[in-house]
Amino acid sequence: MRNWTFWITAAAVGIVFLVLSRVFFTNEYYFFAAYVVLQYIVLSTAWNILGGYTGYINFGTGAFFAIGAYSSAVLHKMPALTEAWFGIHTPPIPLPVMMLVGGIVSGVLGLGTGYLTLRLRGVFFAIATLALTVVVQTLIVNWDYVGGSRGIYIIRPADAPLGGGYIQYLYTLMLVLAVIAVGIARTIERSTLGLGFAAIRDDEQAAEAAGVPTLRLKLIATTLSGALMGMAGAPLPYYVTYLDPASSFNLAYAVNSVAMPVIGGMTSWIGPVIGSILLGTIQQLATVTISSALNLLIVGLLLIGFVIIAPNGIVGLVRARRRKRAGALEALAQERTA
Amino acid sequence: MSERPLLSVPLLSVNGLGKRFGGFVALDNIELSVAAGERLGLIGPNGSGKSTLVNCLCGTLHNETGSVLFDGQKLDGLIAHQRTRLGLARSFQLPKPFHTLSLVDNLRVPLIYAVNARPGPHLSLAEVETRCHELLRQVGLADKARRLPRDLTQVEMRKLELARAVATQPRLLFADEAMAGLSPTEVEEIIAVLLRLNEEGITIVLIEHIMRAVMSFSTRLVVLVAGQKIADGLPQDVVRNPEVERAYLGE
């Protein structure tokens, strides 16, 4: 499929989902649940651009996500600030703009982190990104303007654009973002950029020897990955209406955004999508039917299961089966000609 | 200047190159020049610094002292991919294929990132595709174009490694132990490939332990022992050099 046909198909799928959900989601809760699944599609797709394509395992999803959320919190308080300081009345900033700003801030964070840490490899890079979460969280905890460790209450605007309740609006925005994120991931995968990423993942020295500017490509990956995570985090204050460091920097974001691509398959754009729909839905079901504390246990068990049974995820499993069948057909054809 | 034959201007000249790892001197004041079109054999016992020299010249490692001129241009401070784009290529001692990419895609990487990154006209996508298959045909891997590197035998892996280096359209190629662990007939195959590349105008530096291969391939021989160059000259003279004999056979 060509790139533009994919984009059109993805947009169409998004619109169909949007229409279907407005018809079938009779209870607001469904929007809340679907929002989380969509958010994980964005996070795991973003994670996979760095982790799956270039092979750098990032445990700092929480930091990029929370930076997006907190930049929205700052923007949310901005009109009050300008009013108090300069006496200028400014209208509240629309959420899509906040998402854009959150993306830019997290993208810059990604670029900076990448520049400082990309000389590290393997587990050392993972540890550095984990440390990043701690550093950023410490900064936020000590920043009084956004509530410090007390957290901050965000009051949703009274009426939502696009009709329906505010949660429908959040859901629509996240759906659009998910379509964009998946589209970007797939476009990269089929481009020369994706080829360079794959070369880096397979062997960085050989990639350099083949002329691949590895540092520049890795910086592109960290920036893009960070920016998408930040955009996914930007609507969070309006989703939870109470933003605090402990929950927005939660390790669950990092663990889930690693686990979902691993379970779905890391070499293809569809892997993170499958992984997050599967895992995200199971987690939502478990939260309602059993307990919310069970989530991480499920992730852990599934991860162990997949590492043992299908180390290349669901996509890897399907591909292996297809290759086996192709091999069998080839052997059969050779037998016939012989 | 114009009266001088082009061959006498060295393509690569290494001046006083030194590299240490902590207190260990891996390379000590290496002087070396390689003329365009030459087939240079670089030999020496294990740990004598051959691969370190290649790594320093190709930008994988950085030498502390000395400087390297390639085609009149200073290479000092350039990182590996920039040197590749200037026309220096290498194959690795242990083949490092891109193991999740098909053979065609393995060759597509250098064509897009080295050849197309140079100034001047670029190859179109279709031309890249044709060139990939052409390169695979040259090393006899045409029928495995869509396979993954893990489906290859050891000798095929070495050929892929060479093809990927050649795909960068180099002027100077370092073949780092391209024949280690191969059978005599497979060694012949690789030598034939290297000789043909040399005829096409690529200067080749062959790093090798298999003396039969080195002697039949090289027009000049350089010997490294413990990070120092101890001999440089015609192959038949160099192997009779008493210092070289001592290094290889002991006192």
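Everything here concerns the structure above.
We now turn to the structure provided with this report. (Residues numbered from 1 in each chain as written. Chains lettered and ligands numbered in written order. Predicted model: local features only at pLDDT ≥ 70, side-chain atom pairs only at ≥ 80, totals over all residues.)

Overview of the overall build of chain A
Here comes step 1: A count of helices and strands for chain A gives 15 helices and two strands.
Here comes step 2: With the C-alpha coordinates aligned to their principal axes, the bounding extent of chain A is approximately 90 × 50 × 40 Å.
Here comes step 3: Look at the contacts in chain A between residues 6 or more apart in sequence, and 78% of them connect residues 24 or more apart. (Helix = DSSP H or I, 4+ residues; strand = E, 2+ residues; numbered from the N terminus. Contact = placed C-beta atoms within 7 Å.)

Comments concerning the interface of chain B and chain A
Here comes step 1: On the chain A side, the residues contacting the 23 residues of chain B number 16 residues.
Here comes step 2: Those elements that provide at least two residues to the side of chain B that touches chain A are helix 2 (80-86) and helix 3 (103-115) of chain B.
Here comes step 3: Counting residues per element, the side of chain B that touches chain A draws most heavily on helix 3 of chain B, which supplies seven residues.
Here comes step 4: Taken together, the residues that form the side of chain B that touches chain A break down as 11 nonpolar, six polar and six charged. (Nonpolar A, V, L, I, M, F, W, Y, C, P; charged D, E, K, R; others polar.)

Considering the sheet that holds strand 10 (residues 228-233) of chain B
Residues and elements named next belong to chain B.
Here comes step 1: As summarised here, the arrangement of the six strands in space is 6-7-8-3-9-10, forming an open sheet in which the pairing is mixed. At either end of the open sheet lies a strand with only one pairing partner, and these are strand 6 (88-91) and strand 10. The average angle at which neighbouring strand axes cross in this sheet is 20 degrees, direction not considered.
Here comes step 2: The strands touched by helix 6 (residues 184-199) within the sheet are strand 3 (39-43), strand 7 (172-176) and strand 8 (203-207), with strand 8 carrying the most contacts at an inclination of about 150 degrees. (Pairing = 2+ DSSP bridges. Axes fitted to C-alpha atoms, helices over the stretch in contact; angles between N-to-C directions.)

What about helix 1 (residues 50-58) of chain B?
Residue and element names in this part refer to chain B.
Here comes step 1: With nine of nine residues buried, helix 1 is to be regarded as a mostly interior element.
Here comes step 2: Within helix 1, burial applies to K50, S51, T52, L53, V54, N55, C56, L57 and C58.
Here comes step 3: Phi turns positive, to about 90 degrees, at G59, one or two residues after helix 1. (Buried ≥ 20, exposed ≤ 12 C-beta atoms within 10 Å, placed from the backbone.)

Structural notes on the sheet that holds strand 2 (residues 24-35) of chain B
Residues and elements named next belong to chain B.
Here comes step 1: What the four strands build is an open sheet, ordered 2-1-4-5; its pairing is antiparallel. Since the sheet does not close on itself, it has two edges, and those belong to strand 2 and strand 5 (73-74), each with one partner.
Here comes step 2: Of the strand pairs in this sheet, strand 4 (residues 65-70) and strand 5 are connected by two bridges, and their pairing is antiparallel. Note on strand 5: the bridge partner recorded for L69 is K74.
Here comes step 3: In this fold helix 1 packs onto strand 1 (10-21), strand 2 and strand 4, with an angle of close to 65 degrees to the strand it touches most, strand 2.

A few points about the packing of helix 12 (residues 251-264) of chain A against helix 15 (residues 313-337) of chain A
Residues and elements named next belong to chain A.
Here comes step 1: The geometry of helix 12 relative to helix 15 is characterised by a closest axis approach of 3 Å and an angle of 10 degrees between their N-to-C directions. Our classification of the angle between helix 12 and helix 15 gives roughly parallel. Between helix 12, through V262, I263 and G264, and helix 15, the contact on the second element is made entirely by G313, I314 and V315.
Here comes step 2: Partitioned by chemical class, the residues of the contact of helix 12 with helix 15 number four nonpolar, two polar and no charged. (Parallel < 35°, antiparallel > 145°, perpendicular 65-115°, else oblique.)

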